[in-house]
Amino acid sequence: GKGRHAEDWRTDQDGRYLWSLDHGRVLAAVGGTLAIFGPDLKIERQWALPGPLALVRVSPSRNLIVAAVIKERHTPEEHRRLMEFMGPGKDQAAEDYDLTVLDGHLNVIGTRPLHAHPDVPAVLDTGILVADPQARSLWKIQEILWSGKQHMIVEERSPCPLRVNALPTNLILLAGCSADAGHPWYKIVRPDGKTLLKGNTSPNGWLAGAEALAARKVFAIGIVEATRPVDFDDGMYAWEFQKLAVSVYNSANGRRLYATGPLKGTPDRQSFALSQDGDQLAILNGEEISIYKTEAASPAAHAHLTSR
C-alpha cells in the first residue's frame, strides 16, 4: 500500500489528461507534449504537439493513438475580435484541425487535415467509431475503417446524447437514456453489434466509466448516484454525484464476477482501475485509494467483497 513513485505536472487544458497503455505504461498530456511514462514513471517517449490538443483516443490494443490538434485560422488579434463579436457564452471560433494517428511509441503513422471539430467518440484497432444522430432520437453507430470503408455496428434510441467508448477487450460501451429521459441505460456490444451486457440505472444514476483487461478477459463498470435525478437538459455538477458502485464482469459471457456496494467516490475523474491480473480493484475517494480483492481472474471467482 505504499507509494512507489510520484510525478507532478500542470495541465493547460480542460478534460482528460491521462490514458492507460500496455505493459504498465501511461500516456499523459504534459505541457505542449504527449508523453509516455513507464512503470517507474520515467518518460520513455515524447511527441511535441504542433498546436493545442483537442482530443486523444486510444485503441483497445493500446497500439494506436489518435490525437486531434487545433490549427488556428486567425491571428491572436483576429481571434480576440471574433470572440468579442460573438459575445460571452458562445461557442469558440471555428478552427482547423490535424487528426494524427500514432503507434504505441508515439511514432506518427499518418495525418489528415480537418475543417471542423473532429467527432471521434472512440476508436477500435480497425477504425474510428462515429455516432450519427438520426430522426426520432435514433443513433447509428458505425465504424469508419482505416481503408475508408464504413461498417454499420448497431442502432440505438436515446433522446439524450449517446456516449460511446471502446474497451481494451475490443468491446464497445454505449450509454444513453430512455424515451422520457428518466432512466439512464448502458450497454456493452461487440464490433459485430451483438449485445454482451445491458442494464439500467435509477433516475439518479449514471455510468461513470469502464475499465477492461484484454489478457484476463474481465471488465469493470462504475455507476455513480446523484442526490437528484440526472438532468440531461441543464446538466449536473460533479459534486452532486456522491456514491459509486463498481461491478466486474467476464468479457466472454457478460457474467458478473464481483461487485461493491455503494461507496463514497470521486466521479468527476476516472475513479477506479483494475490491477493487471484483475484480482484487485482500486477506487479513488478524495485523496485516498482503497484496494479491494476481487479474485475475479482466479478460478474460484466470486461476487462479494473479500478484503479491503
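Higher on the page you've got the structure.
Residues numbered from 1 in each chain as written. Predicted model: local features only at pLDDT ≥ 70, side-chain atom pairs only at ≥ 80, totals over all residues. Heavy atoms only, no water.

Undergrad: I keep staring at the packing of aromatic side chains and nothing clicks. Help me out?
TA: Geometry of an aromatic ring pair is reported as the spacing of the ring centres plus the angle between the planes. Going through the model one piece at a time under the given rule, you end up with five aromatic pairs. For the pair Trp-9 and Tyr-17, a centre-to-centre distance of 6.4 Å together with 85° between the ring planes defines the contact as edge-to-face. When the centroid spacing of 5.4 Å and the interplanar angle of 20° are considered together, the rings of Phe-219 and Tyr-249 count as stacked. Here Tyr-249 lies in strand β19 (residues 241–250) and Phe-219 lies in strand β18 (residues 218–226), a separation of 30 residues in the sequence. Side by side, Phe-219 and Tyr-249 carry an identical accessibility label, which is buried. (Phe/Tyr/Trp six-rings, centres within 6.5 Å; stacked < 30°, edge-to-face > 60°. Helix = DSSP H or I, 4+ residues; strand = E, 2+ residues; numbered from the N terminus. Buried < 20%, exposed > 50% of the residue type's maximum accessible area, 1.4 Å probe, protein only.)

Undergrad: When you look at the state of the cysteines in this model, what are you seeing that I'm missing?
TA: Throughout the structure, instances matching the rule amount to one disulfide. Note that Cys-160 is cross-linked by a disulfide to Cys-177, the S-S spacing being 2.3 Å. Note that Cys-160 is positioned in the loop between β12 (150–157) and β13 (163–167) and Cys-177 in strand β14 (residues 171–177), a separation of 17 residues in sequence. In this structure Cys-160 comes out as buried when scored by relative accessible area, which is 2%. (Disulfide = S-S within 2.5 Å.)

Undergrad: Help me understand the side chain of Thr-33, please; the structure alone is not making it clear to me.
TA: With respect to the helices and strands, the residue Thr-33 is situated in strand β3 (residues 33–37). At 2.9 Å, the side chain of Thr-33 and the backbone oxygen of Val-30 are in polar contact. In this view, Thr-33 contacts Ala-28, Gln-46, Trp-47, Ala-48 and Leu-49; residues no more than four positions away in its chain are not counted. (Polar contact = N/O pair within 3.5 Å; in protein donor to acceptor, adjacent residues only side chain to side chain. Contact = heavy atoms within 4.5 Å.)

Undergrad: Hey, could you run me through the sheet that holds strand β24 (residues 288–293) in this one?
TA: Strands sit in the order β22-β23-β24 across an open sheet of three strands; the sheet is antiparallel. Looking along the sheet, the strands with just one partner apiece sit at the ends: β22 (272–274) and β24. Here the average twist between neighbouring strands, direction ignored, is 20°. Where strand β23 (residues 280–285) and β24 come together, six bridges link them in antiparallel fashion. If you follow Gln-280 over to β24, its bridge partner there is Lys-293. (Pairing = 2+ DSSP bridges. Axes fitted to C-alpha atoms, helices over the stretch in contact; angles between N-to-C directions.)

Undergrad: Mind showing me how you'd approach the environment of Gly-15 here?
TA: Tracing the chain through its elements places Gly-15 in the segment before β1 (18–20). Gly-15 sits in the exposed class, given a relative accessible area of 56%. Sequence separation between Gly-15 and Ala-54 is 39 residues, and the spatial gap between their C-alpha atoms is 9.6 Å.

Undergrad: Is there a simple way to explain the environment of Ile-70 in this structure?
TA: In this structure, Ile-70 sits in strand β6 (residues 64–71). Residues Ile-70 and Pro-52, 18 residues apart in the sequence, show an inter-C-alpha distance of 5.3 Å.

Undergrad: Where do I start with the pattern of salt bridges in this structure?
TA: Where charged atoms from two side chains of opposite charge come close, those side chains can pair. Evaluated as defined, the whole model comprises four salt bridges. Linking Arg-228 and Glu-240 is a salt bridge whose minimum nitrogen-to-oxygen distance equals 2.4 Å. Here Glu-240 lies in the loop between β18 and β19 and Arg-228 lies in the loop between β18 and β19, a separation of 12 residues in the sequence. Given the relative accessible area of 31%, Arg-228 is considered partly exposed. (Salt bridge = Lys/Arg side-chain N within 4 Å of Asp/Glu carboxyl O.)

Undergrad: Hey, could you run me through unusual backbone geometry in this one?
TA: For residues that are not glycine, phi is negative in most cases, and the peptide bond is trans in most cases. At His-23, a position not held by glycine, the phi torsion is positive, near 55°. Topologically, His-23 is positioned in the loop between β1 and β2 (26–30). Phi at Ser-137 is positive, roughly 60°, even though this residue is not glycine. By the element assignment, Ser-137 lies in the loop between β10 (127–133) and β11 (138–145).

Undergrad: Can you help me understand the sheet that holds strand β5 (residues 53–58) in this one?
TA: Paired through their backbone hydrogen bonds, the strands of a sheet run either parallel or antiparallel. Strand order in this open sheet of four strands is β5-β6-β7-β8, and the pairing throughout is antiparallel. The sheet terminates laterally at β5 and β8 (108–114), the two strands that pair on one side only. The average undirected angle you get between the axes of adjacent strands in this sheet is 15°. Summarising the sheet, strand β7 (residues 96–103) and β8 pair through six bridges and their orientation is antiparallel. Paired with Asp-98 across the strands is Pro-113, a residue of β8.

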